[in-house]
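Descriptive structure summary
Single-letter residue listing:
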Amino acid sequence: MSKIANPTKVITGVNTRRSYANVWDPKSINGAAPKYSVSLIIPKSDTVTVNKIKAAIQAAYEEGQGKLKGNSKSVPALTSIKTPLRDGDLERPDEAYKDSYFINANSATAPGIVDADRQQIIDRSEVYSGVYGRASINLYAFTSNGNRGIACGLNNLQKIRDGEPLGGKSRTEDDFATEEDDDFLS
């Protein structure tokens with residue numbers, strides 16, 4: 001059985017980091033329908049993933065020209081529409097986004113979440129903003145409320161390794177990793 005390659009689907013590299021990880025419960029943004037979502041932080045040094053995403057954006061643009069054209073006489077140039085791959089150095093002056101690109105992915109359905117051995121993760125504390133792993137995403141053309149562009153759908157996630165939690169909240173296991181009371185009342 002041969003696999004038919006989907007040019008708009010990308011599996012990111014293992015050093016992709018999660019931020020704003022709403023992967024367990026859907027969240028409504030500005031009153032819209034609740035969705036599962038994550039910001040994927042991709043090191044600029046991961047040129048394989050970056051190039052795969054750029055190729056998938058181009059493929060989604062080519063596949064979606066009818067949708068992007070809408071009622072216009074012509075299809076807008078790819079450079080004139082919204083695309084999902086963004087430069088962290090320019091748009092997010094945060095240490096986590098330094099020397100990285102990022103792409104926001106979302107879905108109306110829950111992503112599958114597995115560990116490095118492809119075993120389903122059930123413990124919610126295992127996947128958080130800051131964890132590293134691969135993501136399966138699809139890029140597609142959209143036209144909505146006068147906006148046209150390429151968007152990113154979230155398929156599945158694989159945790160490869162832990163990372164420093166993002167967002168200022170520490171993990172419970174880290175807070176109580178020591179039995180010493182040295183800092184009690186300090």
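Residues numbered from 1 in each chain as written. Predicted model: local features only at pLDDT ≥ 70, side-chain atom pairs only at ≥ 80, totals over all residues. Heavy atoms only, no water.

Observations regarding the overall build of the protein chain
From N to C terminus, the protein chain includes 4 helices and 8 strands. Listing each helix as α and each strand as β along the protein chain from the N terminus yields β-β-β-α-α-β-α-β-β-β-β-α. Considering the protein chain as a whole, with its 186 residues, one finds that 38% of them fall into the buried category. A separation of at least 24 residues holds for 69% of the contacts in the protein chain among residues at least 6 apart in sequence. (Helix = DSSP H or I, 4+ residues; strand = E, 2+ residues; numbered from the N terminus. Buried < 20%, exposed > 50% of the residue type's maximum accessible area, 1.4 Å probe, protein only. Contact = heavy atoms within 4.5 Å.)

With respect to the layout of surface pockets
As a volume, the largest pocket reaches approximately 920 Å³. Around the largest pocket sit 29 residues that line it, and I29, K35, N104, N106 and A151 are the ones nearest its centre. Those elements that provide at least two residues to the lining of the largest pocket are β2 (17–27), β3 (35–43), β5 (100–107), β7 (132–144) and β8 (147–161). Split by residue class, the lining of the largest pocket holds 14 nonpolar, 11 polar and 4 charged. (1 Å grid on protein atoms, 1.4 Å probe; cavity = no way out; pocket = protein on both sides within 12 Å on 5 of 7 lines; lining within 4 Å. Points joined across faces, edges and corners; volume = space filled by probe spheres on them. Nonpolar A, V, L, I, M, F, W, Y, C, P; charged D, E, K, R; others polar.)

Structural notes on the packing of aromatic side chains
Counting across every chain of the model gives 1 aromatic pair. With a centroid separation of 5.3 Å and 85 degrees between ring planes, the pair formed by Y97 and F102 is classed as edge-to-face. F102 sits in the buried class, given a relative accessible area of 0%. Taking NZ or CZ as reference, K44 lies 5.3 Å from the ring centre of Y101, over its face. One residue, R92, lies across the ring of Y97, its end atom 5.1 Å from the ring centre. (Phe/Tyr/Trp six-rings, centres within 6.5 Å; stacked < 30°, edge-to-face > 60°. Lys NZ or Arg CZ within 6 Å of the ring centre and 35° of its normal.)

Here we look at the pattern of salt bridges
Throughout the structure, instances matching the rule amount to 6 salt bridges. With a shortest N-O distance of 3.0 Å, K44 and D87 are connected by a salt bridge. Taken together, the residues span a long stretch of sequence, with K44 in the loop between β3 and α1 (47–63) and D87 in strand β4 (residues 86–87) at a distance of 43 residues. K44 sits in the partly exposed class, given a relative accessible area of 26%. (Salt bridge = Lys/Arg side-chain N within 4 Å of Asp/Glu carboxyl O.)

A short note on the environment of L139
Within the secondary structure layout, L139 lies in strand β7. Distance from L139 to I57, taken between C-alpha atoms, is 6.1 Å for residues 82 residues apart in sequence. Contact partners of L139, with chain neighbours within four places excluded, come to T8, V10, A56, I57, A60, P84, I103, I150, A151 and C152.

Details of the confidence of the model for the protein chain
Summing up the model confidence of the protein chain, the mean pLDDT is 90 and the portion of residues at 70 or higher is 88%. Mean pLDDT in the protein chain bottoms out at helix α4 (residues 172–175), which sits at 66, and peaks at strand β6 (residues 112–114), which reaches 98. (pLDDT = per-residue confidence, 0-100.)

Quick look at the nonpolar core
Counting residues in hydrophobic clusters, the biggest one holds 30 residues, and the most contacted among them are I53, I103, I137, L139 and I150. Where this core is concerned, the elements lending two or more residues are β3, α1, β5, β7 and β8. For this core, the element with the highest residue contribution is α1, accounting for 6 residues. (Core = buried A, V, L, I, M, F, W, Y, C linked by side-chain atoms within 4.5 Å.)

Description of the side chain of T8
Looking at the secondary structure, you find T8 in the segment before β1 (9–11). At 2.7 Å, the side chain of T8 and the side chain of N6 are in polar contact. In this view, T8 contacts A56, A59, A60, E63, I137, N138 and L139; residues no more than four positions away in its chain are not counted. (Polar contact = N/O pair within 3.5 Å; in protein donor to acceptor, adjacent residues only side chain to side chain.)

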